[in-house]
Amino acid sequence: MALSLSNFLVCLLTLLPKGLLHSVDAATVTHDFNVGWVRANPDGMAERPVIGINGQWPLPLLNFTKGDRVIVNLHNQLGNQSTSAHFHGLYQNGTNDMDGPVGVTQCNIPPGHSMTYNFTVDQHGTYWYHSHTRGQYPDGWRGQFIVHDPENPYRGQFDEEVAFTVSDWYHDEMPGLLAGFINYKNPTGAEPVPKSALMNDTTDFTMAVEPGKTYFFRLTNIGAFAGQYFWIEGHTMKIIEVDGVYTEPAEADMIYLTAAQRYSFLVTAKDDSSSNFAMVSSMDEDLFDVVPPELNPNVTGWLMYDASAPKPTAKFVDAFRPFDDFSLQPEDGLELFDHADYSFNLDLKMDNLGDGANYAFFNDITYTTPVVPTLYSVLTTGDKADDPTVYGAYTNSHVLKKNDIIELILNSNDPGKHPFHLHGHNFQLVHRGAAGAGFYNASREHSFPATPMRRDTVMVNPNSNFVIRFRADNPGVWLFHCHINWHLDTGLAATMIEIPLELQKTLSVPEDHLDVCRASRTHTSGNAAGNTVDLLDLNGQNTSPAPLPAGFTARGIVALVFSCLSAFLGIGMIAWYGSAPLGAAELESAKRFIAKAGGTK
Ligand SMILES: *[C@@H]1O[C@H](CO)[C@@H](O)[C@H](O)[C@H]1NC(C)=O
Ligand SMILES: *[C@@H]1O[C@H](CO)[C@@H](O)[C@H](O)[C@H]1NC(C)=O
Ligand SMILES: *[C@@H]1O[C@H](CO)[C@@H](O)[C@H](O)[C@H]1NC(C)=O
Ligand SMILES: *[C@@H]1O[C@H](CO)[C@@H](O)[C@H](O)[C@H]1NC(C)=O
Ligand SMILES: *[C@@H]1O[C@H](CO)[C@@H](O)[C@H](O)[C@H]1NC(C)=O
Ligand SMILES: *[C@@H]1O[C@H](CO)[C@@H](O)[C@H](O)[C@H]1NC(C)=O
Ligand SMILES: *[C@@H]1O[C@H](CO)[C@@H](O)[C@H](O)[C@H]1NC(C)=O
Ligand SMILES: [Cu+2]
């Protein structure tokens, strides 16, 4: 029996492993990022220095194809700040050292130094990139990262794909804002309120559309703090992806994106092209302790059917009723992980420490960057890498075993909303309490969704809880943290040490990463304290500020102490206090002072 040539080719193609075929079109895409200061005025209210790339801001939209190898040569030309890059939502499977968070998987890149990020993207969807150096990304160092999917299950259903962002925006630079925020003069931890909202980094965003066409919109909240309500007047959104996970189509009139979340949706343009339509994004003012009267939380953009027609003013909506993402179904139908092999709680609270400033805590610990980046501790502590003690008392480390189903129960004892992000994974959201529900009660009967929604960033409601599950199948050190920049910087983070002994065998850190550590004088071996001999001796580890003396914990009292002190002792005394943390003795005398003045009850 003879095979014709074409039949032979068909056989060959069917027999070839699928991966091999894909690698044929996988490309290596190289970007040089010269990170430096430029000036910008995106809201038209204040020109300011922002962090740009290659002299440009807004930062470029990066668009790859699934399977591509990405090389980013990062050159720090800021002159006065260290930096780093994180690619939000990418699993970095096999390349944990390319994940980016400083103190977790790498050292800070000092001015004048360079580092190469080199990884493949075997994912599709809507992601973003940003600095993961303390406090830095809201100064402009954030942009979109799209992974195009030639096999998008919805590919026949739209004509064009476009991506844009929403964000909050500040007029002051982060180092100054942080110094004022983490400060005894701000004992309640009131976060700086943004000055405006941006849509695709402007307040005058327009998007040309053609009648009757269907658009695939990818929307990312690249903000520092504010969640955003988003809607398009006169149009319905058909959600098809969240955080890189395709969903069954779900219709929505309004969506809510926390900082760091993404939604993709199809929008069909009207057949009539006579008028333009407003798209509105509105910052969630519930997050702001005090709403300044002059603040406009809204930004309007337009679907432009006719460039010569007017841009209508946005209509007011009387209530925000966003789509509930809990009801989404993943398109791949991945079923509930119906049991957990390892379950743990992270209980959130906000409180003051002995320096008088306000901090965030998981299980009474405020995350403090270790002396040795945690990944380097994994790689240099041998068998002891399985023992969480090695990672220090201030990193909230959990060691995860290969292929275990992990259950993380987040309980919030705080009236704020917090968007939590897990690096290295997406996760199933199996339960989310309503506002005020309190802590999760595991002994109660809970009915979980059969195919839970998956994403990589999810919000906990005020004084409530959520439960997420994922499989530990990605060796690495993965940060779990609040994506409100203010809260990450006051310690709202925990560390997942996933399959550390396998990581030791499979990962080798490139020399240029270690050069960066030498340049920043950061230790790269031993436990969290840099001890390479006695791995369980944490002497010398970085610690958070000491707690307030006993009986002196209420933030209200702290506020009172300082308002009284400033009234009685004057400016000179306050300036002195500003330069040194408070000792127990000072607090004691302040307490006695107030008691005498009859100030406390
Ligand atoms: C760093 O330099 C830029 C550009 O000169 C300046 O705008 C910024 O305030 C400086 N930041 C710090 C923290 O010194
Ligand atoms: C990126 O990593 C691959 C795989 O380890 C390696 O072959 C390649 O040389 C690296 N490229 C650069 C520019 O570092
Ligand atoms: C990304 O590139 C693909 C082609 O590779 C294109 O079809 C798609 O529209 C681009 N996406 C964006 C958001 O630019
Ligand atoms: C949004 O901004 C990015 C970066 O400037 C740009 O590449 C992209 O095309 C813009 N999106 C739309 C829909 O215009
Ligand atoms: C912002 O939009 C909301 C919803 O339409 C509206 O209630 C509010 O008054 C607007 N604020 C300003 C300052 O326009
Ligand atoms: C948790 O639920 C169980 C079973 O419903 C109940 O008996 C128990 O009182 C609950 N615990 C708390 C702290 O609410
Ligand atoms: C990582 O790669 C391993 C081996 O290919 C695979 O089994 C696992 O599912 C991957 N995990 C993630 C989160 O991509
Ligand atoms: Cu938070």
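Reading the values: the criteria
Residues numbered from 1 in each chain as written. Chains lettered and ligands numbered in written order. Predicted model: local features only at pLDDT ≥ 70, side-chain atom pairs only at ≥ 80, totals over all residues. Heavy atoms only, no water. Helix = DSSP H or I, 4+ residues; strand = E, 2+ residues; numbered from the N terminus. Buried < 20%, exposed > 50% of the residue type's maximum accessible area, 1.4 Å probe, protein only. Areas by Shrake-Rupley, 256 points an atom, 1.4 Å probe, with all protein chains shown as cover. Near = heavy atom within 4 Å. Polar contact = N/O pair within 3.5 Å; in protein donor to acceptor, adjacent residues only side chain to side chain. Nonpolar A, V, L, I, M, F, W, Y, C, P; charged D, E, K, R; others polar. Pairing = 2+ DSSP bridges. Axes fitted to C-alpha atoms, helices over the stretch in contact; angles between N-to-C directions. Arc of directions from axis to C-beta. Contact = heavy atoms within 4.5 Å. Disulfide = S-S within 2.5 Å. Phe/Tyr/Trp six-rings, centres within 6.5 Å; stacked < 30°, edge-to-face > 60°.

S.K.: Which parts of the structure should I look at to understand the overall build of the protein?
M.R.: When its secondary structure is counted, the protein shows 9 helices and 30 strands. Within the span of the protein, comprising 601 residues, buried residues form 55% of the whole. Working note: accessible area of the protein is about 24600 Å², and carbon and sulfur atoms make up 52% of it.

S.K.: Can you walk me through the site of ligand 1 in this structure?
M.R.: All residues adjacent to ligand 1 are Trp37, Pro49, Asn80, Gln81, Glu173 and Pro175. Between ligand 1 and Trp37, the relevant distance is 3.5 Å, taken from an oxygen atom to a side-chain nitrogen or oxygen of the residue. Within the contact set of ligand 1, an oxygen atom lies 2.3 Å away from a side-chain nitrogen or oxygen of Asn80. When the free accessible area of ligand 1 is taken as 360 Å², the share hidden by the protein chains comes to 53%. Grouping the amino acids of the shell around ligand 1 by side-chain chemistry returns 3 nonpolar, 2 polar and 1 charged.

S.K.: I tried to follow the pairing of strand β14 (residues 237–242) on my own but got confused; where do I start?
M.R.: As a general feature of sheets, a regular strand has side chains that alternate between the two faces. With 5 of 6 residues buried, β14 is to be regarded as a mostly interior element. Of the strand pairs in this sheet, β14 and strand β15 (residues 245–252) are connected by 5 bridges, and their pairing is antiparallel. Each residue of the ladder has a partner; that of Val242, found in β15, is Val245. In this structure, the hairpin formed by β14 and β15 is closed by a connection of 2 residues, where Asp243 is found at a positive phi of approximately 45°. Across 4 bridges, β14 lies against strand β17 (residues 262–268) in antiparallel orientation. Bridge pairing in β17 places Lys238 opposite Leu266.

S.K.: Sorry if this is basic, but what is going on with the sheet that holds strand β19 (residues 298–304) here?
M.R.: Backbone hydrogen bonds hold the strands of a sheet together, and the pairing may be parallel or antiparallel. Taken in spatial order, the 5 strands of this open sheet run β11-β19-β18-β13-β16, and their pairing is mixed. Looking along the sheet, the strands with just one partner apiece sit at the ends: β11 (205–208) and β16 (254–257). Going from strand to strand, the sheet's axes swing by 20° on average, the running direction of each strand aside. Both β11 and β19 contribute to a ladder of 4 bridges, which runs parallel. For Phe205, the partnering residue across the bridge sits in β19 and is Gly301.

S.K.: Sorry if this is basic, but what is going on with unusual backbone geometry here?
M.R.: Here the bond from Trp57 into Pro58 is cis, since omega is 0°, no more than 30 degrees from zero. Tracing the backbone shows Pro58 in the loop between β2 (48–53) and β3 (62–65). Even without a glycine there, the phi angle at Gln92 is positive, about 50°. Despite not being glycine, Asn363 shows a phi value in the positive range, around 50°. Tracing the backbone through its elements, the reader meets Asn363 in the loop between β21 (358–362) and α4 (374–380).

S.K.: Would you take a moment to explain the site of ligand 6 for this structure?
M.R.: For ligand 6, the full set of nearby residues is Asn441, Ser443 and Arg444. Between Asn441 and ligand 6, the recorded distance is 2.4 Å, taken from a side-chain N or O atom to an oxygen atom. Calculation on ligand 6 without its partners gives an accessible area of 360 Å², and the protein chains cover 26% of this total.

S.K.: Looking at this structure, how should I read helix α7 (residues 511–519)?
M.R.: If you check which residues of α7 are buried, you get His513, Val516 and Cys517. In a view along the axis of α7, the buried residues occupy a sector of 100°, so they form one face of it. Looking at the buried residues of α7, the elements they touch are β6 (114–120) and α4. Taken from the residues just after α7, Arg521 is the one with a positive phi, measuring 50°.

S.K.: I keep staring at the state of the cysteines and nothing clicks. Help me out?
M.R.: In a disulfide, the sulfur atoms of two cysteines are covalently bonded to one another. Taken as a whole and assessed by the stated rule, the structure comprises 1 disulfide. Note on cysteine connectivity: Cys107 is disulfide-linked to Cys517, with sulfurs 2.1 Å apart. Across the S-S bond of Cys107 and Cys517 the torsion is about 95°, and the bridge reads as right-handed. With Cys107 in the loop between β5 (86–88) and β6 and Cys517 in helix α7, the pair connects residues that are 410 residues apart, well separated along the chain. Under the relative-accessibility criterion, Cys517 is labelled buried at 1%.

S.K.: Whenever I open this one, the packing of aromatic side chains confuses me. Can you help?
M.R.: The way to describe two aromatic rings as a pair is by their centre distance and the angle between their planes. Considering all chains together, one arrives at 29 aromatic pairs under this definition. Between Trp128 and Tyr137 the ring centres are 5.5 Å apart and the planes differ by 80°, which places this aromatic pair in the edge-to-face class. As far as burial versus exposure is concerned, Trp128 and Tyr137 are alike and both buried. Taking the centre distance of 6.1 Å and the plane angle of 65° together, the rings of Phe420 and Phe466 count as edge-to-face. Pair noted here: Phe420 is in strand β24 (residues 418–422) and Phe466 is in strand β28 (residues 465–471), with a separation of 46 residues, a long-range link.

S.K.: What should I look at first to understand the environment of Ile484 in this one?
M.R.: With respect to the helices, strands and loops of the structure, Ile484 is situated in the loop between β29 (476–482) and α5 (485–489). Using a relative accessible area of 0% as the deciding quantity, one classes Ile484 as buried. Sequence separation between Ile484 and His421 is 63 residues; the distance between their C-alpha atoms is 9.9 Å.

S.K.: Just to check I follow, could you spell out helix α3 (residues 174–181) for this structure?
M.R.: In an α-helix there are 3.6 residues to a turn, and that puts residues three or four apart on one side. Burial in α3 covers these residues: Met174, Leu177, Leu178 and Phe181. Angular distribution of buried residues about the axis of α3 spans 100°; they occupy a single face of the element. Those residues of α3 that are buried lie in contact with α5.

S.K.: Quick question: what am I supposed to make of the environment of Pro101 here?
M.R.: Counting through the fold element by element, Pro101 comes out in the loop between β5 and β6. Judged by relative accessible area, which is 1%, Pro101 ranks as buried. With 17 residues separating them in the primary sequence, Pro101 and Ser84 have C-alpha atoms 7.2 Å apart. Setting aside chain neighbours within four positions, we find Pro101 in contact with His86, Gln106, His132, His423 and Leu479.

S.K.: Looking at this structure, I do not really get the side chain of His431. What am I missing?
M.R.: Note on placement: His431 falls in strand β25 (residues 427–432). You can call His431 buried: its relative accessible area is 18%. Filtering out sequence-adjacent residues up to four positions away, His431 remains in contact with Phe326, Tyr440, His446, Phe448, Asn465, Phe466 and Val467.

S.K.: What is the right way to look at the pairing of strand β13 (residues 228–232) in this model?
M.R.: Burial runs high along β13: 5 of the 5 residues are buried. Here β13 shows two buried faces, one formed by Gln228, Phe230 and Ile232 and the other by Tyr229 and Trp231. The sheet contact formed by β13 and β16 spans 4 bridges and is antiparallel. Counted as the bridge partner of Gln228 is Leu257 from β16.

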